[in-house]
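If you want the building blocks of each chain, they are given just below.
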Amino acid sequence: AFWRKSRADSGEKKITKICRKTFYEYRKAQLKELDKWARSSETLESRQIPDVSSVLIDPERFGRTLRDRMAPILEDVAKGSFDAMRGEISQSVAFNLTDSAWVAFMEEKLLKVVGITTTIGDEIRKTLSAGWQNGEGLDELQERVKKAFNNAVQPYRTQRIARTETAIVANGVRDQYMDSAGIKKKMWLTAGGGDIRDSHLEYEAMGAVPFDLDYNVGLPYPGSPGGDPSEIINCRCVHVAVQDDKE
């Protein structure tokens, strides 16, 4: 696919590393907080089951760290996609990456990035609650936390986050650029291979369609933020302009 061969591909790798780094920092802080709680009483056994929230690190603290680290990489992905569109579409356009619509798009995207760590926080909450209900000691509770984070840093999970975020930004640029250029037809292009969703193969088979058509509810192009998560997570498809038939 066009944009995946350059900055988006590089951005995906960088974001994968950033996710792993941030999640490990989150894990270290959570284990430290759990140890601090345990040492604040004579024994775990003598203590009542606590309010789990009092032991949990706020996941959004590390969500904000993830956002700040990811932002410049996603901005570079956007620039790469913008440059690619200038090569694909001949006519000049008014759209640029300082437009209010694009700035709003990125602000909303980065706001959602903060929520990525919330999923991990929910897993920590559930597993610690279960451990306390079972009367487990500090070592067992720490192992629960480590296991939850080990799941979070699995390569398939961090790559999935990186691929999803870069695709949303890259295709978002393509959509706004095409709209500014007055493109009337578009195509859905899959990345090829054997792991493509059936629905995406169907969208690709539709060929050239009206630019304002939604392939599915909230899904006018691959990776559209308004689409169902089942359609956009880990998607590698590309939003392509059809210039031979603009009327």
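Described in the following lines is the structure provided in the data block. Because the structure is a prediction, the values reported are computed rather than measured.

1. A look at the nonpolar core
1) Next: Counting residues in hydrophobic clusters, the biggest one holds 56 residues, and the most contacted among them are F23 and L34.
2) Next: Leave out the neighbours within four places in its chain, and L34 touches V55, L128, W132, L138, L141, Q142 and V145.
3) Next: Core analysis: the second largest hydrophobic core is formed by eight residues, V209, Y215, L219 and I232 among them.

2. Details of the packing of helix 2 (residues 59–88) against helix 4 (residues 116–133)
In a packed pair of helices, the relevant descriptors are the angle between the two axes and the axis-to-axis distance.
1) Next: Where helix 2 meets helix 4, the axes come as close as 8 Å, and the angle between the chain directions of the two elements is 150 degrees. The orientation of helix 2 relative to helix 4 falls into the category roughly antiparallel. The crossing of helix 2 and helix 4 is right-handed. Contact residues: helix 2 offers P59, E60, F62, G63 and L66, while helix 4 offers I116, T117, T118 and G121.

3. What about the environment of R163?
1) Next: Here R163 is to be found in helix 6 (residues 155–181).
2) Next: Here R163 falls in the buried class, since its relative accessible area comes to 14%.

4. A closer look at the pattern of salt bridges
1) Next: Taken as a whole and assessed by the stated rule, the structure comprises 12 salt bridges.
2) Next: When the shortest N-O distance is used, the salt bridge between R163 and E12 registers 3.4 Å. Residue R163 is located in helix 6, and its partner E12 is located in helix 1 (residues 7–39); the two are separated by 151 residues in the primary sequence.
3) Next: Of the charged contacts, one joins R69 and E25 as a salt bridge, the two residues approaching to 3.0 Å between their closest N and O atoms.

5. Regarding the side chain of E165
1) Next: One can find E165 in helix 6.
2) Next: Judged by relative accessible area, which is 8%, E165 ranks as buried.
3) Next: Sequence-distant contacts of E165, defined by excluding residues within four places in its chain, comprise M70, L74, K109, V113 and I116.

6. Quick look at the sheet that holds strand 3 (residues 238–242)
1) Next: Pairing is antiparallel in the open sheet, where three strands are placed in the order 2-1-3. The open sheet is flanked by strand 2 (209–210) and strand 3, the only strands paired with a single partner.
2) Next: Here strand 1 (residues 185–189) pairs with strand 2 via two bridges, running antiparallel. Of the residues in strand 2, the one forming a bridge with K186 is V209.

7. Let's talk about helix 3 (residues 100–113)
Because each turn of an α-helix spans 3.6 residues, side chains separated by three or four positions in sequence point in the same direction.
1) Next: For helix 3, spanning 14 residues, the distance from its first C-alpha to its last is 20 Å, which sits close to the expected 20 Å at 1.5 Å a residue.
2) Next: Every buried residue belonging to helix 3 is among W102, F105, M106, K109, L110 and V113, and all of these are buried. Taken down its axis, helix 3 places every buried residue within 125 degrees of arc, on the same side. Those residues of helix 3 that are exposed and aimed more than 90 degrees away from the buried face are S100, E107 and L111.
3) Next: Those residues of helix 3 that are buried are in contact with helix 2, helix 4 and helix 6.

Conventions and cut-offs
Residues numbered from 1 in each chain as written. Predicted model: local features only at pLDDT ≥ 70, side-chain atom pairs only at ≥ 80, totals over all residues. Heavy atoms only, no water. Core = buried A, V, L, I, M, F, W, Y, C linked by side-chain atoms within 4.5 Å. Buried < 20%, exposed > 50% of the residue type's maximum accessible area, 1.4 Å probe, protein only. Contact = heavy atoms within 4.5 Å. Axes fitted to C-alpha atoms, helices over the stretch in contact; angles between N-to-C directions. Helix = DSSP H or I, 4+ residues; strand = E, 2+ residues; numbered from the N terminus. Parallel < 35°, antiparallel > 145°, perpendicular 65-115°, else oblique. Left-handed = near helix turned anticlockwise from the far one by under 90°. Salt bridge = Lys/Arg side-chain N within 4 Å of Asp/Glu carboxyl O. Pairing = 2+ DSSP bridges. Expected span 1.5 Å × (residues − 1). Arc of directions from axis to C-beta.

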